[in-house]
Amino acid sequence: VAACGDDTENPADPGQDGPTILVPDRTLNADVTEDTTLSGFVRISGLLTVSAALVIEPGTWVQFERDSGLRMETGGGSLTCNGTEDEPVSISGILPRRGSWEALVFASNESANTMMHCIISGGGAGSNLGFSGNDTASVIVEGGARLSIFRSSVRNSRGDGIVFRENAIIGGFA
């Protein structure tokens, strides 16, 4: 991001006019190889594989950088989003537009792959460099993989919201 102005302005200073700069509580920029719990404001940078349990707690805001995504791998990788009606999990991109980040790709058959009270928006970049190939969905469940999704919304994807490939397992849906 570039801006014009003199050097005396500090856009991060709330006492001055200018853009608000949000600083995440944590940045995740390496593959998840150990059981991990996320809470607060989390930024994800890069195409990361998850080969352990990744849990996202109620009220967490996960923000993806451009061309970033998560892939839950076979052999133990799972994603459990534990939002509540009062404190949903929010998953979005840094840029408020369609296709600003890759996707959540489920390749694992773990019963822990669950999304409850989640708001997912702006995914589906469909980059040839990413996990999703040319698919422009925000959530992709590969053949043989499992996902249960309850009381969640997927919106403003570049293409489809959720794609269940042939032989994907819908553990639960409401």
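Residues numbered from 1 in each chain as written. Predicted model: local features only at pLDDT ≥ 70, side-chain atom pairs only at ≥ 80, totals over all residues. Heavy atoms only, no water.

**Student:** How should I be thinking about the packing of aromatic side chains in this particular structure?
**Tutor:** Any pair of aromatic rings gets described here by the distance separating the centres and the angle formed by the planes. Under the defined criterion, the tally for this structure stands at two aromatic pairs. For the ring pair Phe-41 and Trp-61, a centre distance of 4.4 Å and an interplane angle of 15 degrees mean the geometry is stacked. Pair noted here: Phe-41 is in strand β3 (residues 41-44) and Trp-61 is in strand β6 (residues 61-64), with a separation of 20 residues, a long-range link. Residue classification places Phe-41 among the buried residues on the basis of a relative accessible area of 9%. (Phe/Tyr/Trp six-rings, centres within 6.5 Å; stacked < 30°, edge-to-face > 60°. Helix = DSSP H or I, 4+ residues; strand = E, 2+ residues; numbered from the N terminus. Buried < 20%, exposed > 50% of the residue type's maximum accessible area, 1.4 Å probe, protein only.)

**Student:** Help me out: how do you make sense of the side chain of Ser-121 in this one?
**Tutor:** Tracing the sequence through the fold places Ser-121 in strand β12 (residues 118-121). Residues within four places of Ser-121 in sequence aside, it is in contact with Ile-91, Ser-92, Gly-93, Trp-101 and Arg-155. (Contact = heavy atoms within 4.5 Å.)

**Student:** Where do I start with the pairing of β6 in this structure?
**Tutor:** For a regular strand, side-chain orientation follows a simple rule: the groups alternate between the two sheet faces. Here β3 pairs with β6 via four bridges, running parallel. Within the sheet, the bridge partner assigned to Phe-41 lies in β6 and is Trp-61. (Pairing = 2+ DSSP bridges.)

**Student:** Sorry, what's going on with the state of the cysteines here?
**Tutor:** Think of a disulfide as a covalent bridge from one cysteine sulfur atom to another cysteine sulfur atom. Counted under the stated rule, the structure contains zero disulfides. In this structure Cys-81 is a free cysteine whose sulfur lies 4.0 Å from that of Cys-118, the closest cysteine sulfur available. For Cys-81, a relative accessible area of 0% gives the class buried. (Disulfide = S-S within 2.5 Å.)

**Student:** Any chance you could explain the sheet that holds strand β2 (residues 36-38) here in plain terms?
**Tutor:** Strand-to-strand pairing in sheets goes through backbone hydrogen bonds, with the strands running parallel or antiparallel. One open sheet holds the six strands; their spatial order is β2-β5-β8-β11-β14-β17, and the pairing between them is parallel. Because the sheet does not close on itself, it has two edges, and the strands there are β2 and β17 (169-173). Recorded for the sheet is a direction-independent mean angle of 15 degrees between the axes of neighbouring strands. (Axes fitted to C-alpha atoms, helices over the stretch in contact; angles between N-to-C directions.)

**Student:** Would you take a moment to explain the environment of Gly-144 for this structure?
**Tutor:** Relative to the helices and strands, Gly-144 resides in the loop between β13 (139-141) and β14 (146-150). Sequence spacing of Gly-144 and Glu-166 is 22 residues, and the spatial spacing of their C-alpha atoms is 8.0 Å. Setting aside its immediate chain neighbours within four residues, Gly-144 contacts Asn-109, Glu-166, Asn-167, Ala-168 and Ile-169.

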